[in-house]
Amino acid sequence: LGVAEPVTSGAIGAGPDSWDGGSGAEDPTGAFIVRLPCGPPETYLKKEDLWPHIREFADRAVRHVTTTLARLAGSGAAAELWAVHGHYADAGEAAALIAASLGCPMLMTGHSLGRNKK
C-alpha cells in the first residue's frame, strides 16, 4: 500500500520505479512498481492501521490494471492478467478484492505467520 513515509523523505509514494528503463506511464511494458496512494496523504500509517484503507487501495489498483491493459491493447501489444499476488494478511485481502473484481486467480504468500515481531 502506498503511503508517504517521513523516514524516506517522500520517496515512497513518488512515481514508478523501473528495472528496465520503462517508466510505466509512457511505456507500460517491462517490470516496474507503481505506488498507488490510499489513506490520509498527510500522515504516515503503521502497517496495522492500513486495514480501513484496503478497499480504497484495491479500487485504485483495479483502475490502474484496467487502464494499463487497455493501453497495451491499444498499442497492439498482447496483454493478459494471469493472477494477482499478495503478501501478508492485508495485502492478501487487497489481492482477493482485486482478483475478484478483475475475474482472475489470486495467489498469496504468507510470511511470519504466528510469530510476533519485536
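Located above this text is the structure these notes cover.
What counts as what
- Residues numbered from 1 in each chain as written.
- Predicted model: local features only at pLDDT ≥ 70, side-chain atom pairs only at ≥ 80, totals over all residues.
- Heavy atoms only, no water.
- Helix = DSSP H or I, 4+ residues; strand = E, 2+ residues; numbered from the N terminus.
- Expected span 1.5 Å × (residues − 1).
- Buried < 20%, exposed > 50% of the residue type's maximum accessible area, 1.4 Å probe, protein only.
- Arc of directions from axis to C-beta.
- Contact = heavy atoms within 4.5 Å.
- Axes fitted to C-alpha atoms, helices over the stretch in contact; angles between N-to-C directions.
- Parallel < 35°, antiparallel > 145°, perpendicular 65-115°, else oblique.
- Left-handed = near helix turned anticlockwise from the far one by under 90°.
- Nonpolar A, V, L, I, M, F, W, Y, C, P; charged D, E, K, R; others polar.

Once that is clear, we can look at helix α1 (residues 54-74). The terminal C-alpha atoms of α1 lie 30 Å apart, and with 21 residues this matches the ideal 30 Å at 1.5 Å per residue to within 8%. Among the residues of α1, those classed as buried are Ile54, Phe57, Ala58, Ala61, Val62, Val65, Thr68 and Leu72. Buried residues of α1, seen end-on, are gathered within an arc of 140° and therefore sit on one face of the element. On its buried side, α1 packs onto α2 (88-102). Once α1 ends, the next one or two residues include Gly76, with phi positive near 90°.

The next thing to look at is the packing of α1 against α2. Each pair of packed helices can be described by the angle between their axes along with the distance between the axes. One way to put it is that α1 packs onto α2 with a least axis distance of 9 Å and a crossing angle of 45°. Taken together, the axes of α1 and α2 are oblique relative to one another. Classified by chirality, the crossing of α2 by α1 is right-handed. Note on element contacts: α2 touches α1 through Asp90, Glu93, Ala94, Leu97, Ile98, Ser101 and Leu102, opposite Ile54, Arg55, Phe57, Ala58, Ala61, Val62, Val65 and Thr66. Grouping the constituent residues of the contact of α1 with α2 by class yields 10 nonpolar, two polar and three charged.

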